[in-house]
Structures are given as structure tokens and as C-alpha cells.
Amino acid sequence: MAKIIAISGSLRKASFNTGLIKAVANMFPGQVDVGSIRDIPLYDGDLEASAGIPTAVEVLKDQIAESSGLLVATPEYNNSMPGVLKNATDWLTRPPADIKRVFHGKPVALTGVTPGGLGTALAQSAWLPVFRTLRTRPWFEGRLMISSAGNLFDEQGSLTDQKTQHSLRQFIDGFLQFIEDG
Ligand code: FNR
């Protein structure tokens, strides 16, 4: 059975993007592991040289390497990707000798949620050169961009809107099919 590792690019407690990832985990029990970028420090080459790869990075690298696919829910900041998620991704590529094990050929699905009107379209596009550089296998057939999140999630960040739940299920079903088709 395909197993997805799902990562939110937000550290906010009531994050819409984390709420989306949690909704996926609830919809597909046993098929989704939720990864975390919370304890990943700012990338610093001196820290890497003196202390090596932080445990939180090693854990996430192994989770991605062992998964059959990576799902990323990206917030959009200033029409691009959020720094915390790019920083985590940069750590995940250290040391470079591990990039093959972690990323090469890895099926990747991108989605994102915003309270604004453009559904993280620009943040999702900003990720494309990164996932290409890492030689992943991006899944392009499905596209899920969620706008006006304030109407779709409750105050704790749980996805409550049924239409969005339906779109999300279709999106993940498509990604799982892509993984299984190899
Ligand atoms: C934002 N936000 C935002 N939204 C958007 O649709 N396009 C954008 O360019 C930006 N820019 C932006 C910059 C910065 C610095 C912040 C803090 C926020 C709003 C953003 O979508 C909103 O805060 C979301 O709630 C962030 O996602 P989480 O934390 O709810 O997952």
C-alpha cells in the first residue's frame, strides 16, 4: 500500500495548511504520516560543520526516503514560498550525497491554502524549480489551490467545508493512483 509523507509549510498552531494535512491523514488512515519542520533550525553551514545534521532533519529525511510519495501544503508569502519551508528543504538536501536517497524519483504533490483569493498559485509555482532540481517526480495532473480559507476551516484550523473535503479526497486519490501506476 502506498504511504504518503505529508508536510505543512506553516508553524502556526491554527494553520490552514496544517489543517489540510491533518484532514488528509484523517481521510486516509494508515496511509499518511505527518512530518514536521518545527524543530529544524535556520540553515547555517558552521552549525552543520560543527554539529552535523540536526535530528529533526534526519528524522524527516528518513520519513521522506521511506515514503512512496511526498505531499506538501505550502502557504504563500509575498507571492512565493514561505522561508521556513524553504529552509527546511535546504536542510533536507544536506549532505548532498543523500539527495538521491531522499528525493530522486520521489513522487511529489503540491497543494496550498490561503485566506486570500489566488489559492497559493504563485507559491506552488515557486516550488517547481526546487523539485526539479532535486530530481523528484512531480505529479502535475491534479491541481488543488484553496482560497478564502476563513470560510472553509474552523478557528482551530480544522477543515469543515464539505466541498473542499471532496476536492481534497479526489486530489489525494489521484496522487495515490499516480504513485501506484509507477
Ligand atoms: C501572507 N499571506 C499571503 N497570502 C497570499 O495568498 N499571498 C501572499 O502573497 C501572502 N503574503 C503573505 C506574507 C506574509 C509575510 C504573511 C505572514 C502572510 C497570508 C497567508 O496566506 C496567511 O497568513 C495564511 O494563513 C498562511 O498559512 P497558514 O499559516 O494558515 O497555513
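One can find the structure itself at the top, above this paragraph.
Anyway, here's the lowdown on the structure attached to this text. (Residues numbered from 1 in each chain as written. Predicted model: local features only at pLDDT ≥ 70, side-chain atom pairs only at ≥ 80, totals over all residues. Heavy atoms only, no water.)

A closer look at the pairing of strand E4 (residues 107-113)
Thought 1: Most of E4 is tucked away, with seven of its seven residues classed as buried.
Thought 2: Summarising the sheet, strand E3 (residues 69-73) and E4 pair through four bridges and their orientation is parallel. Along E4, the bridge assignment pairs Val72 with Leu110.
Thought 3: Relative to strand E5 (residues 137-138), E4 runs parallel, the two being bridged by two bridges. The residue of E5 that forms the bridge with Pro107 is Arg137.
Thought 4: With three bridges connecting them, E4 and strand E6 (residues 144-146) associate as parallel partners. (Buried < 20%, exposed > 50% of the residue type's maximum accessible area, 1.4 Å probe, protein only. Helix = DSSP H or I, 4+ residues; strand = E, 2+ residues; numbered from the N terminus. Pairing = 2+ DSSP bridges.)

Comments concerning the side chain of Glu48
Thought 1: Structurally, Glu48 can be placed in helix H2 (residues 45-51).
Thought 2: Residue classification places Glu48 among the buried residues on the basis of a relative accessible area of 14%.
Thought 3: In this structure the side chain of Glu48 is engaged in a polar contact, spanning 3.0 Å, whose partner is the side chain of Arg94.
Thought 4: Excluding its chain neighbours within four sequence positions, the residues that come into contact with Glu48 are Tyr43, Ile53, Trp91 and Arg94. (Polar contact = N/O pair within 3.5 Å; in protein donor to acceptor, adjacent residues only side chain to side chain. Contact = heavy atoms within 4.5 Å.)

Quick notes on the nonpolar core
Thought 1: The biggest cluster of nonpolar side chains holds 30 residues, and the ones touching the most others in it are Leu20, Leu71, Phe153, Leu168 and Ile172.
Thought 2: Of all the elements in the fold, those that place two or more residues in this core are strand E1 (4-8), helix H1 (16-27), E3, E4, E6 and helix H7 (162-181).
Thought 3: Counting residues in hydrophobic clusters, the runner-up holds 25 residues, among them Val72, Leu85, Trp91 and Val130. (Core = buried A, V, L, I, M, F, W, Y, C linked by side-chain atoms within 4.5 Å.)

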